[in-house]
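Letter by letter, the chains look like this.
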Amino acid sequence: MYLSALQLDHYRNYDQVALEFSPDTNVLIGENAQGKTNLLEAIYVLALARSHRTNNDRELIQWDSEFAKITGQVQRTVGQVPLELVLSHKAKKPRSII
Ligand SMILES: Nc1ncnc2c1ncn2[C@@H]1O[C@H](COP(=O)(O)OP(=O)(O)OP(=O)(O)O)[C@@H](O)[C@H]1O
Ligand SMILES: [Mg+2]
């Protein structure tokens, strides 16, 4: 099982980004403050519905945005599992269709 795809909408410094991952090693390369740790944090948040860096979910929402959305595809031996977490200033809504 592995995370095959990730999409971020208004998550921290990401306006919108869509990534695909290899089942092997994936390497993130970027300048300081470019968003490497934010991206790893987004994967953690999608898995556990909380951040390892802050207890305040509002910090995860891009400044001046109303919401943040993290969407992922988990590739399993049999089929894919779509995951989605929407964070607003008032609520946190997870969605998974298995
Ligand atoms: N809620 C937010 N909205 C917009 N930008 C944000 C938000 N939270 C953090 N940022 C921005 O994200 C950037 C930091 O990203 P991150 O910590 O992921 O960088 P990094 O690539 O890991 O950097 P380093 O190499 O220094 O560890 C900073 O520019 C910060 O201002
Ligand atoms: Mg970092």
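Because the structure is predicted, anything quoted here is derived from the model rather than measured.

Trainee: For this particular structure, what's the right way to read the overall build of the protein?
Mentor: Across its full length, the protein holds 1 helix and 5 strands. Put simply, the protein runs from its N terminus to its C terminus through helices and strands in the order β-β-α-β-β-β. Structurally, the protein occupies a C-alpha span of about 40 × 35 × 20 Å along its principal axes. A buried classification covers 33% of the 98 residues belonging to the protein. Taking the intrachain contacts of the protein between residues at least 6 apart in sequence as the baseline, contacts between residues at least 24 apart amount to 45%. With an accessible surface of roughly 6,700 Å², the protein has 52% of that area assigned to carbon and sulfur atoms.

Trainee: Looking at this model, I keep getting lost on the nonpolar core. Mind explaining?
Mentor: One recurring pattern in soluble globular proteins: nonpolar side chains tend to sit buried together. Counting residues in each nonpolar core, the largest one holds 19 residues, and the members touching the most others are Leu6, Leu8, Tyr11, Val45, Ile70 and Leu87. Counting residues per element, the ones that place at least two in this core are strand 1 (2–11), strand 2 (14–20), helix 1 (36–48), strand 3 (67–75) and strand 4 (80–88). Apart from residues lying up to four places away in sequence, Val45 is in contact with Tyr11, Arg50, Ser51, Leu60, Ile70 and Leu85.

Trainee: Looking at this model, I keep getting lost on the site of ligand 1. Mind explaining?
Mentor: For ligand 1, the set of nearby residues contains 15 residues, the closest of which are Ala33, Lys36, Thr37, Asn38 and Ile61. Side-chain polar atom of Thr37 to an oxygen atom of ligand 1: 2.8 Å apart, as the coordinates give it. One of the backbone N or O atoms of Glu59 is found 2.9 Å from a nitrogen atom in ligand 1. Look at ligand 1: alone it shows 660 Å² of surface, and the protein chains cover 72% of it.

Trainee: Looking at this structure, I do not really get unusual backbone geometry. What am I missing?
Mentor: In most cases, non-glycine residues show a negative phi, while peptide bonds are predominantly trans. With a phi angle near 45°, Arg12 is a residue other than glycine that sits in the positive phi range. For Arg12, the location among the structural elements is in the loop between strand 1 and strand 2.

Trainee: What am I meant to see in helix 1 here?
Mentor: Residues that lie three or four places apart on an α-helix share one face, since the helix turns once every 3.6 residues. The first and last C-alpha atoms of helix 1 sit 19 Å apart over 13 residues, in line with the 18 Å expected at 1.5 Å per residue. Of all the residues in helix 1, the buried ones are Asn38, Leu39, Glu41, Ala42, Val45 and Leu46. Down the axis, helix 1 shows its buried residues gathered within 160° of arc, on one side only. Away from its buried face by more than 90 degrees, helix 1 exposes Leu40, Ala47 and Leu48. Those residues of helix 1 hidden inside the fold are in contact with strand 1, strand 2, strand 3 and strand 4.

Reading the values: rules and limits
Residues numbered from 1 in each chain as written. Chains lettered and ligands numbered in written order. Predicted model: local features only at pLDDT ≥ 70, side-chain atom pairs only at ≥ 80, totals over all residues. Heavy atoms only, no water. Helix = DSSP H or I, 4+ residues; strand = E, 2+ residues; numbered from the N terminus. Buried < 20%, exposed > 50% of the residue type's maximum accessible area, 1.4 Å probe, protein only. Contact = heavy atoms within 4.5 Å. Areas by Shrake-Rupley, 256 points an atom, 1.4 Å probe, with all protein chains shown as cover. Core = buried A, V, L, I, M, F, W, Y, C linked by side-chain atoms within 4.5 Å. Near = heavy atom within 4 Å. Polar contact = N/O pair within 3.5 Å; in protein donor to acceptor, adjacent residues only side chain to side chain. Expected span 1.5 Å × (residues − 1). Arc of directions from axis to C-beta.

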